[in-house]
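# Tertiary structure, described
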Amino acid sequence: MSGTSPALTPPADAVAPVRHPDAPAPGELLGAHYEQCFGCGGEQPHGLHLQARAGEGVSITAEFTVQPAHQGAPGLAHGGVLATALDETLGSLNWLLRTIAVTGRLETDFARPVPVGTVLYLEAEVTAVAGRKIYSRATGRIGGPDGPVAVRAEALFIEVKVDHFIDNGRPQEIQVAMNDPDQVRRARAFEVNP
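Let me sum up the structure you'll find in this document. The model shown is predicted, which means the values in this text are computed figures rather than measured ones.

Each helix and strand in the protein chain was counted, giving five helices and six strands. Along the protein chain, from the amino end to the carboxyl end, the secondary structure elements read β-β-α-α-β-β-β-β-α-α-α. Long-range contacts, defined here as pairs at least 24 residues apart, represent 66% of the contacts in the protein chain between residues at least 6 apart. Total accessible area on the protein chain stands at roughly 9700 Å², and carbon and sulfur atoms take up 53% of it.

This structure, assessed with the given rule, holds two salt bridges. Among the salt bridges present, the one from E107 reaches R105, with a minimum N-O distance of 3.0 Å. Under the relative-accessibility criterion, E107 is labelled buried at 15%.

This paragraph deals with the packing of aromatic side chains. In this structure the tally under the stated criterion is zero aromatic pairs. Between the NZ or CZ atom of R98 and the centre of the ring of W95, over which it lies, the distance is 4.0 Å.

Thresholds applied
- Residues numbered from 1 in each chain as written.
- Predicted model: local features only at pLDDT ≥ 70, side-chain atom pairs only at ≥ 80, totals over all residues.
- Heavy atoms only, no water.
- Helix = DSSP H or I, 4+ residues; strand = E, 2+ residues; numbered from the N terminus.
- Contact = heavy atoms within 4.5 Å.
- Areas by Shrake-Rupley, 256 points an atom, 1.4 Å probe, with all protein chains shown as cover.
- Salt bridge = Lys/Arg side-chain N within 4 Å of Asp/Glu carboxyl O.
- Buried < 20%, exposed > 50% of the residue type's maximum accessible area, 1.4 Å probe, protein only.
- Phe/Tyr/Trp six-rings, centres within 6.5 Å; stacked < 30°, edge-to-face > 60°.
- Lys NZ or Arg CZ within 6 Å of the ring centre and 35° of its normal.

Below, the structure is given as structure tokens:
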């Protein structure tokens, strides 16, 4: 990252992240945390439909294909869509920690344009944890997992309680998610949000 802010530098007492024993196995598809999520949800017709897989340690890989609905300039992905893909990927890391967290800060560098029709290959990892703060970074490449870097980001996530969503979300969506009989889907619905 060029010019990373001090807020994204872990403090001296930060510790290495520890993968939760119940985290998905390396290579396992994480699936959508919430079907209405713009980043990973299957019920969003113009969403990213980002698919993330657990990696080794506290890392994941993900990919999404830039669709015509994701354009900014003609034929190119909108920068906000690319930032969303990075945020979604970084947020998915928290499932490996089994921590409910929200984005506190996201800094993104755009290194090259990403054309419509391109598959963006993303890699992300948690770099440190300090109390409720989770530090992470991600890169997005085009042309394959080893292709040139198009975007990169560093982020700070803040651990929250589920009350954060109950107190701030629309009651009808909260109730539907809370009533889901699938305990994992119910927990994951509140995994990542602003």
